[in-house]
Amino acid sequence: AQILYTGPSPRGWHRLQQAAECLQKYAWQYEAPKVEDNKPPSAALAKGSLVHLALAQHYAKIRAIQQGEDPEKWCDPIEAVELISKLEKTDRYAEDAIDTYENYAAQYPNDAEEMKILGIEELVSTKIQGKYLLTGRMDLSYEDLGGRVWVMDHKTTSYLKSAHKQFYTISGQLLGYSHMAREKYGERYAGFKVNLIQHGKPKYERITLPRSPNLESRFESIVVDIEESIERMQASGRDFDDWPKAINELTCYHRYGACKFIEQCRWGAGAKKAGNWTWSDQ
């Protein structure tokens, strides 16, 4: 049986987001010599990946039935989570992910009748102003009963808040998905939905993302501005640890915790005791 487990797209918004947040953060990630990172994924990332996997299998089976194919060619969502979690050594999160999925399937029993599944984890791409490649992986695209096309992104969280609706309206990732969906589907494209999924104590909400007309109209120029700022630094000849730094507590500490490069910025690329220094060590 097949499993849809794709990972990030090759040239997605994430790299641009890092450069927009802090050019030094971008340089640590993409310009510095590669160091093998064997750290296990965070709990939030591991749980989110497993829930995404279960939903991909869930909708793949629905699409197979809709297209007159054998749904058994797709691995069962729960079996897929159990298998991949063992391979990725995240099996301690499998039970939580399975519980979240099972409650989700019970919450939305009519998806097979109300959605004609068009794409699952579909890789899409565009050339911004004919020059800069931007890619994305759309979690789900479907046609509703009126023939309109929607793109849906699954977002997992430990606590579902009303503020989610506000801060996703200014997500470059989701604006990019909408940009590419308009190119792909034209006038059939109805809009973007965020599929909010609270794990732990399962809770669900689907929101239609409010439009951001100004950001939508300027999206291409925003991408070009970021790409050109990266190119300027690459052409400058400056060392990878000497790119412009945000040095702002609201940037260096985000809602998920500290930037993973915070100690390199504080002590330098070659610091041997990064994270363990005291003021008396100076």
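Residues numbered from 1 in each chain as written. Predicted model: local features only at pLDDT ≥ 70, side-chain atom pairs only at ≥ 80, totals over all residues. Heavy atoms only, no water.

Next up on the list: helix α10 (residues 219–236). Taking 1.5 Å of rise per residue, 18 residues should cover 26 Å, and α10 covers 26 Å from first to last C-alpha, within 8% of that figure. Those residues of α10 lying buried are Phe219, Val223, Val224, Ile226, Glu227, Ser229, Ile230 and Met233. Those residues of α10 that are buried are in contact with α1 (13–21), α2 (23–30), β1 (116–128), β2 (132–143), α8 (172–185) and α9 (213–217). Following α10 by one or two positions, Gly237 has its phi on the positive side, about 80°. (Helix = DSSP H or I, 4+ residues; strand = E, 2+ residues; numbered from the N terminus. Expected span 1.5 Å × (residues − 1). Buried < 20%, exposed > 50% of the residue type's maximum accessible area, 1.4 Å probe, protein only. Contact = heavy atoms within 4.5 Å.)

To continue, consider the pattern of salt bridges. Evaluation of the coordinates by the stated rule reveals 15 salt bridges. Residues Glu72 and Lys61 are paired through a salt bridge, measuring 3.8 Å at the closest nitrogen-oxygen approach. Of this pair, Glu72 sits in the loop between α3 (43–66) and α4 (77–87) while Lys61 sits in helix α3, placing them eleven residues apart in sequence. What makes Lys61 buried here is its relative accessible area of 16%. (Salt bridge = Lys/Arg side-chain N within 4 Å of Asp/Glu carboxyl O.)

Moving on to the sheet that holds strand β4 (residues 189–198). With mixed pairing, the five strands of this open sheet are ordered in space as β1-β2-β3-β4-β5. Unpaired on one side and paired on the other, β1 and β5 (203–208) mark the two borders of the sheet. Ignoring which end each strand starts from, the neighbouring axes of this sheet average 35° apart. Those strands touched by α8 are β1, β2, β3 (149–157) and β4, and its axis lies near 100° from that of β1. (Pairing = 2+ DSSP bridges. Axes fitted to C-alpha atoms, helices over the stretch in contact; angles between N-to-C directions.)

Okay, the nonpolar core next. Ile128, Met138, Leu174, Phe192, Val194 and Phe219 are the most contacted members of the largest nonpolar core, which totals 34 residues. For this core, the elements supplying multiple residues, two or more each, are α1, α2, β1, β2, β3, α8, β4 and α10. Discounting chain neighbours no more than four positions away, the residues touching Leu174 are Asp153, Lys155, Tyr168, Phe192, Val194 and Leu209. Val51, Ala56, Tyr59 and Tyr204 belong to the second largest nonpolar core, which has 33 residues in total. (Core = buried A, V, L, I, M, F, W, Y, C linked by side-chain atoms within 4.5 Å.)

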